[in-house]
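Working through the structure, step by step
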Amino acid sequence: MVSIMENIAENKRKRVLSGIQPTNTPHLGNYLGATKNWVDMQNDYDCVCFIADLHAITVRQEPAKLRAQTRETYALLMAMGIDPDRSVLFVQSHNHKHAELAWVLSCFTQFGELSRMTQFKDKSSKGEENMNLGLFAYPTLQAADILIYNADLVPVGADQKQHLELSRNIAVRFNNAYSPTFTVPEPHIVKATAKIMSLSEPTKKMSKSDENPNASVFVLDERDVIIKKFKRAVTDSGTEIVYREDDEGKAGINNLMGIYCAVTGSSIADTEAEFAGRGYGDFKASVGEAVADTFAPIQSEFKRLMGDKAHVDACMKSGAERAIALSAKTLAKVYRKVGFYGIG
Ligand code: TYM
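What you see is a predicted model, and the numbers here were worked out from it, not measured in a lab. (Residues numbered from 1 in each chain as written. Predicted model: local features only at pLDDT ≥ 70, side-chain atom pairs only at ≥ 80, totals over all residues. Heavy atoms only, no water.)

**What about the packing of aromatic side chains?**
Rules: Ring pairs shown here join Phe, Tyr and Trp side chains whose ring centres sit within 6.5 Å, with only the six-membered ring taken for Trp; geometry is labelled stacked below 30 degrees between planes, edge-to-face above 60, and tilted in between. Put simply, DSSP marks the helices as runs of H or I at least four residues long and the strands as runs of E at least two long, and each gets a number from the N terminus on. Each residue is assigned to one of three classes by its accessible area relative to the maximum for its type, calculated with a 1.4 Å probe on protein chains only: buried under 20%, partly exposed between the two thresholds, exposed over 50%.
This structure, assessed with the given rule, holds 13 aromatic pairs. Geometrically, the ring pair formed by Phe 111 and Phe 136 is tilted, given 4.9 Å between the ring centres and 50° between the ring planes. Within this pair, whereas Phe 111 is found in helix α6 (residues 111-115), its partner Phe 136 is found in helix α8 (residues 133-147), the two being separated by 25 residues in sequence. For Phe 111, a relative accessible area of 63% corresponds to the exposed category.

**Structural notes on the environment of Leu 76**
Short version of the rule: Here a residue-residue contact requires only that any non-hydrogen atoms of the pair lie within 4.5 Å.
Among the secondary structure elements, Leu 76 is positioned in helix α4 (residues 63-80). Between the C-alpha atom of Leu 76 and that of Val 48, which follows or precedes it by 28 residues, the distance is 16 Å. Not counting chain neighbours up to four residues away, the residues in contact with Leu 76 comprise Thr 25, Pro 26, Val 219, Leu 220, Ile 298 and Phe 302.

**As for the site of the ligand**
Where we set the bar: Being near a molecule or strand, for a residue, means having at least one of its heavy atoms within 4 Å of it. Throughout this description, a polar contact denotes any pair of N or O atoms lying within 3.5 Å of each other; where both atoms belong to protein, one of them has to be capable of donating a hydrogen while the other can accept it, and for residues adjacent in sequence the pair is counted only when both atoms sit in side chains. For accessible areas, the Shrake-Rupley method is used with a probe of radius 1.4 Å. Any residue's cover is judged against the shown protein chains and nothing else. Polar here means any residue outside two lists: the nonpolar Ala, Val, Leu, Ile, Met, Phe, Trp, Tyr, Cys and Pro, and the charged Asp, Glu, Lys and Arg; Gly therefore counts as polar.
Close contacts around the ligand come from 27 residues, with Gln 21, Tyr 138, Asp 145, Asp 159 and Ile 196 the closest. In this structure, Asp 145 approaches the ligand through a side-chain N or O atom, which is 2.6 Å from a nitrogen atom. Ile 196 is positioned with one of its backbone polar atoms (N or O) 2.8 Å from a nitrogen atom of the ligand. Taking 710 Å² as the accessible area of the ligand by itself, protein coverage stands at 95%. The set of elements that each furnish at least two residues to the shell around the ligand consists of β1 (15-20), α2 (28-41) and α8. Partitioning the shell around the ligand into residue classes produces 12 nonpolar, 12 polar and three charged.

**A few points about the nonpolar core**
Applied cut-off: We define a nonpolar core as any set of buried Ala, Val, Leu, Ile, Met, Phe, Trp, Tyr and Cys residues linked to one another through side-chain atoms lying within 4.5 Å.
Leu 28, Tyr 74, Phe 230, Ile 259, Phe 283, Val 291 and Phe 295 are the most contacted members of the largest nonpolar core, which totals 52 residues. In terms of residue count, the dominant contributor to this core is helix α13 (residues 279-306) (10 residues). Beyond its immediate sequence surroundings of up to four residues, Leu 28 is in contact with Gly 33, Ile 196, Met 206, Val 217, Phe 230, Ile 259, Val 291 and Phe 295. Ranked by size, the runner-up nonpolar core spans 37 residues in total, among them Leu 105, Ile 146, Val 154 and Ile 170.

**Quick notes on helix α5 (residues 97-106)**
In an α-helix there are 3.6 residues to a turn, and that puts residues three or four apart on one side. What counts, and what does not: Working definition: the arc comes from the directions between the helix axis and the C-beta atoms, pointing outward to the latter.
Of the residues making up α5, those classed as buried are Lys 97, His 98, Leu 101, Ala 102, Val 104 and Leu 105. All buried residues of α5 fall inside an arc of 165° around its axis, so they share one side. Elements that come into contact with the buried residues of α5 comprise β3 (88-91), α8, α9 (161-177) and α14 (309-338).

**A short note on the packing of α4 against α14**
Defined as follows: With axes taken as lines fitted to C-alpha atoms, and helix axes fitted only over the stretch in contact, angles between N-to-C directions fall between 0 and 180 degrees. In this scheme, roughly parallel covers angles under 35 degrees and roughly antiparallel covers those over 145, while 65 to 115 is roughly perpendicular and the rest are oblique.
Two elements in contact, α4 and α14, have axes separated by 11 Å at closest approach and are oriented at 90°. Here α4 is positioned roughly perpendicular relative to α14, judged by the angle of their axes. Contact residues: α4 offers Arg 71, Tyr 74, Ala 75 and Met 78, while α14 offers Lys 309, His 311, Val 312, Asp 313, Cys 315 and Met 316. Residue composition of the contact of α4 with α14, by class: six nonpolar, one polar and three charged.

**Quick notes on the pairing of strand β2 (residues 46-51)**
Rule in force here: Whether two strands pair comes down to DSSP finding at least two bridges between them. A right-handed crossover is one whose linking path, passing over the helix from the first strand to the second, runs clockwise when the strands point away from the viewer.
Of all six residues in β2, six are buried; the element is thus mostly enclosed. Along β2, one buried face is formed by Asp 46, Val 48 and Phe 50 and the opposite face, lined by Cys 47, Cys 49 and Ile 51, is buried too. Taken together, the six bridges between β1 and β2 define a ladder with parallel strand orientation. Bridged to Arg 15 within β2 is Asp 46. Read as a crossover between parallel neighbours, the route from β1 over α2 to β2 is right-handed. Pairing geometry for β2 and β3, over four bridges, is parallel. Within the sheet, the bridge partner assigned to Phe 50 lies in β3 and is Phe 90.

Here it is in structure tokens:
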């Protein structure tokens, strides 16, 4: 099998980059909106995927828990199918060049731009006490993550669209100020799974930090827990399994149908035909079964990998080395362009 470094050396394929925070276990939204696409894209692109631990500390974390979750998330991405040989899979803090580039890019990011970021505005309007500088500057670090690898495509869920637009603006601004340096990245957002909604409040996106334990389904939830959560999913007073895109009142059933199609590969029309005359209860149980079936092999592979610490740690180390090698040229170029004095 051709390894990613050989592919990159030949420079034939487009480059994909994306990241996930190691806070809590990934949920179904992270999986369908992001990580599953990373797995699928490995065949046609050079993929660079990472665990965004620098981003995670913008909110207070318990150090031991963050450390454990970083390794778990790494193993879980491997279990989902990210091949650490075919892709570059690493932990963000292992490549200090992200933080270095972020500083330079922060001098190319306007205060007003960051103030308009909805994720930041949401947190500040909720009266969050710990409104630290990292939380404000977070999108500039995200731009550095992307631009340092000259990514062509960034597969993310819809909630990251605004951050991607800022990354593009920063890239263009820097390129215009000097000369072409960064690839201007395109978001890769798969419409059908870009926003998986909460199971208990289907007009709200599924979120790791939701206080309602029934709102989110996590990749490591036990089979019966997954099925129970789907059986309890909030829908409406109707009975027919039909998809009505523009009907807010149908958000619950639309969400369940989207999930079912994504995990089974079925189309909306086929799903409607399959469940004609069967009612919501029956359908909810089937969605739960289908999601549990999808997660079962990931869970057993995760368990196996967690029992092989040496292997996971070795993959992490070689991922870091590759990430550092891959980003060195861009950072050196940036340092030269902005006028830093080099010592060889
Ligand atoms: P994070 O860790 O919040 O989420 C990881 C990915 O999951 C997607 N996602 C969803 N997709 C569909 N439905 C949902 N309910 C849902 N919830 C989350 C997110 O859009 C994301 O793609 N800032 C990023 C991490 C990051 C990053 C980057 C991503 C740091 N640097 C550079 C891309 C490129 C974040 O917090 O993702």
